[in-house]
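Here is how the chains run, residue by residue.
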Amino acid sequence: MNNQRNNVIEFYRYLFMLVLLAWHGNYGFFQHGYLVVEFFFILSGYLLMNSYLKKPKTAAQYTIDRLKRCYFEYFVASFLTFLYFGILYNCLKHTMSLEVVLKYLPEIFLVQSVGIFNGGYNYPMWYFSVLIVGGYFLYFLISRCKSWATSFILPLLIVFSMVFLFNERDSIEDFAKYGPFYSPVIRGVAEMGIGIVLCAFAQSRYYKSIRESSIIYLSICIDCISIVALLLTFLCFLLPTAYDKYVLMTFPVIVLSAIQNRGFLYRLFNTSLWNRLGGITYEMFLIHATVGSIFNNLAEALGISHSIICFIAYAFVVTFLAFAFKAICLKLQQRYFCTNRD
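Residues numbered from 1 in each chain as written. Predicted model: local features only at pLDDT ≥ 70, side-chain atom pairs only at ≥ 80, totals over all residues. Heavy atoms only, no water.

**Side note on the packing of aromatic side chains**
Our working definition: Aromatic pairs are defined between Phe, Tyr and Trp rings, using the six-membered ring for Trp, whenever the two ring centres lie within 6.5 Å; interplanar angles under 30 degrees are classed as stacked, those over 60 as edge-to-face, and all others as tilted. The numbering of helices and of strands both runs from the N terminus, where a helix is a DSSP run of H or I of at least 4 residues and a strand a run of E of at least 2. Each residue's exposure class comes from its accessible area (1.4 Å probe, protein chains only) as a fraction of the maximum for that residue type: buried when under 20%, exposed when over 50%, partly exposed otherwise.
Using the criterion set out here, one finds 39 aromatic pairs in the structure. Arranged with centres 6.1 Å apart and planes meeting at 55 degrees, the rings of F41 and W126 form a pair that is tilted. Taken together, the residues span a long stretch of sequence, with F41 in helix 2 (residues 36–54) and W126 in helix 5 (residues 126–144) at a distance of 85 residues. The residues F41 and W126 share a single accessibility class, namely buried. Ring centres 5.3 Å apart and planes at 40 degrees place the aromatic pair F295 and Y314 in the tilted group. Highlighted residues: F295 in helix 13 (residues 281–301) and Y314 in helix 14 (residues 308–336), separated in sequence by 19 residues.

Take a look at the structure:
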């Protein structure tokens with residue numbers, strides 16, 4: 001599987017993971033670093049649709065296969081986070097109670113931050129739960145009526161969802177409940193829907209005919225537009241005013257450019273370095289809350305301020321530990337479950 005990875009996508013995955021590390025680490029480099037989640041949701045929707053087009057499955061089988069690849073590492077990371085933020089922290093504070101354990105259970109069953117239970121100890125994992133729950137719903141939808149879903153239902157769902165979210169506030173980083181609907185689920189499903197529609201367009205006869213007739217010029221144009229889109233995206237990260245709605249236009253361009261496997265960006269990033277770094281972004285995501293807390297506590301104890309040098313050290317530590325965490329989990333899976341994550 002690693003040899004089949006798209007190195008441009010892997011570059012973006014690692015780049016945006018660094019932005020997320022800075023955001024969750026409170027380094028203050030970005031005013032709106034949470035917006036990288038939109039890239040990962042859109043990319044996940046694209047890959048979901050691409051998976052369906054290559055080998056259709058039932059929604060249940062697709063979700064089970066996904067959990068087989070991802071859940072073991074998720075469980076190990078969540079358990080370690082629970083020991084650190086739950087058991088250790090509350091023991092030191094002498095506040096151990098049944099609530100400490102009960103708060104952990106929704107995280108194990110992937111129902112935190114999907115409408116009934118709020119949060120968890122590994123707080124960034126709301127994204128993963130929404131990805132699994134929302135991914136099941138969307139895969140079921142396209143498996144039942146692909147043409148209607150991609151041409152009518154999903155575009156309508158995307159528009160209505162985004163109008164609703166942005167009518168409430170300018171920022172998409174919202175964890176409020178609106179009746180039976182929970183904002184992160186609306187956000188995740190709509191953005192994965194964008195990825196699905198984007199993939200349907202990229203695989204359409206119309207787009208393929210344009211690529212075949214002017215492949216070189218089209219690839220160069222898309223790459224140039226994607227660079228402008230990337231610069232505008234980082235501008236949205238940096239500016240104090242929330243321009244969240246605009247990344248919903250820039251990220252699809254970035255994804256479309258990355259997946260074409262042609263143009264100068266493909267040649268520029270066609271190296272195994274990005275393959276390897278992009279391949280551990282999931283592990284970085286799983287462990288960075290715990291590692292970040294420990295790192296920041298040590299930095300504070302040593303009197304080290306949050307600077308660019310401190311962040312580089314932090315990113316290096318998370319990257320190194322992610323490689324180690326992935327290798328250890330893979331060996332445990334192979335030894336005790338006879339499975340391979342890839």
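After that view, the rundown keeps rolling.
**Comments concerning the nonpolar core**
Note the threshold: By convention a nonpolar core is built from buried Ala, Val, Leu, Ile, Met, Phe, Trp, Tyr and Cys residues, the set being connected through side-chain atoms within 4.5 Å. Two residues qualify as a contact provided that any one of their heavy atoms is within 4.5 Å of a heavy atom in the partner residue.
By size, the foremost hydrophobic cluster in this structure holds 97 residues, and its most contacted members are Y12, F16, F39, I142 and F237. With residues up to four places along the chain from it excluded, the contact list for F237 reads F16, V19, F30, Q31, H32, L35, V36 and F251. Formed by five residues, the second largest nonpolar core is a distinct cluster that contains F82, V100, Y104 and I108.

**Looking at a nonpolar patch on the surface**
Our working definition: Think of a patch as exposed residues, more than 30% relative accessible area, with no salt bridge, where like charges cluster within 9 Å and nonpolar side chains (Val, Leu, Ile, Met, Phe, Trp, Tyr) cluster within 5 Å. Per-residue and other accessible areas follow the Shrake-Rupley method at a 1.4 Å probe size, with only the shown protein chains counted as cover for residues. Basic side-chain nitrogens of Lys or Arg form a salt bridge, by our definition, when they fall within 4 Å of a carboxyl oxygen of Asp or Glu.
Judged by side-chain polarity, V228, L232, L235, L239, Y243, Y246 and M249 come together as a nonpolar surface patch covering roughly 630 Å² of accessible area. Going through the elements one at a time, helix 9 (215–238) and helix 10 (244–259) are the ones with two or more residues in the nonpolar patch. Examining the composition of the nonpolar patch, we find that three residues originate from one element, helix 9, more than from any other. Along the chain, Y246 falls in helix 10. Overall, Y246 belongs to the partly exposed group, its relative accessible area being 42%.

**A short note on helix 7 (residues 183–202)**
Operational definition: A helix is expected to span 1.5 Å for every residue after the first.
Over its 20 residues, helix 7 extends 29 Å from the first C-alpha to the last, a length consistent with the 28 Å expected when each residue adds 1.5 Å. Most of helix 7 is tucked away: 16 of the 20 residues are buried.

**Remarks on the pattern of salt bridges**
Per the counting criterion, the structure on display carries five salt bridges. Across the pair R13 and E10 runs a salt bridge, and its minimum N-O distance is 3.1 Å. With a gap of three residues between them, R13 and E10 both fall in helix 1 (residues 7–24), about one helical turn apart. Pair check on accessibility: R13 and E10 agree, each one buried. A salt bridge links R187 to E38, with the nearest nitrogen and oxygen atoms 2.6 Å apart. Taken together, the positions of R187 in helix 7 and E38 in helix 2 put the pair 149 residues apart, joining distant regions of the chain. Given the relative accessible area of 0%, R187 is considered buried. Salt bridges sharing partners connect three or more residues here, namely E38, E173 and R187.

**Quick notes on the environment of H306**
Within the secondary structure layout, H306 lies in the loop between helix 13 and helix 14. Among the residues examined, H306 registers a relative accessible area of 34% and is labelled partly exposed. For the pair H306 and S161, spaced 145 residues apart in sequence, the C-alpha to C-alpha distance is 37 Å. Excluding residues within four positions of it along the chain, H306 makes contact with G25, N26, Y27 and N296.

**Considerations on unusual backbone geometry**
Look at H94: it is not a glycine, yet its phi comes out positive at around 60 degrees. Here H94 shows up in the loop between helix 3 (59–93) and helix 4 (98–108). For H94, a relative accessible area of 73% gives the class exposed. For S113, which is not glycine, the phi dihedral falls at a positive 60 degrees. Accessibility expressed as a relative area gives 4% for S113, which makes it buried.

**Considerations on the state of the cysteines**
Here a disulfide denotes a covalent bond joining the sulfur atom of one cysteine to the sulfur atom of another. Rule in force here: When two cysteine sulfur atoms lie within 2.5 Å, the pair is treated as a disulfide.
Per the stated rule, a full pass over the model turns up zero disulfides. Unpaired in this structure, C199 has its nearest cysteine sulfur neighbour in C145, at a distance of 16 Å. Exposure remark for C199: the relative accessible area of 0% places this residue in the buried category.

**Re the side chain of R66**
We count it as follows: The positive count covers Lys and Arg only, the negative count covers Asp and Glu only, and His and the chain ends enter neither.
Tracing the backbone through its elements, the reader meets R66 in helix 3. Here R66 occupies a buried position and makes no salt bridge, while the nearest side chain of opposite charge, D65, is found at 10 Å. Ignoring anything within four residues of it in the chain, the contact list for R66 reads S44, L48, L131, I132 and G135.

**A closer look at the environment of I116**
Relative to the helices and strands, I116 is located in the loop between helix 4 and helix 5. Accessibility expressed as a relative area gives 66% for I116, which makes it exposed. Placed 146 residues apart in sequence, I116 and R262 show a C-alpha to C-alpha distance of 44 Å.

**Description of the packing of helix 2 against helix 10**
Using the following cut-off: In this description, a line fitted to the C-alpha atoms serves as the axis of each element, helices being fitted only across the stretch in contact, and the angle between N-to-C directions of two axes falls anywhere from 0 to 180 degrees. Note on angle classes: values under 35 degrees are labelled roughly parallel, values over 145 roughly antiparallel, values of 65 to 115 roughly perpendicular, and the remainder oblique. By definition, any crossing whose near helix is turned counterclockwise from its far helix by less than a right angle is left-handed, and any crossing with a clockwise turn is right-handed. Each residue gets one label: Ala, Val, Leu, Ile, Met, Phe, Trp, Tyr, Cys and Pro are nonpolar, Asp, Glu, Lys and Arg are charged, and the others, such as Gly, are polar.
At their nearest, the axes of helix 2 and helix 10 sit 10 Å apart, and the two run at 50 degrees to each other. The angle between the axes of helix 2 and helix 10 places the two elements in the oblique class. Two packed elements cross with a definite hand, and for helix 2 against helix 10 that hand is right-handed. Between helix 2 and helix 10, the contacting residues are V36, E38, F39, I42, L43 and Y46 on the first element and V247, L248, F251, P252, I254, V255 and I259 on the second. For the contact of helix 2 with helix 10, a count of residues per class yields twelve nonpolar, no polar and one charged.

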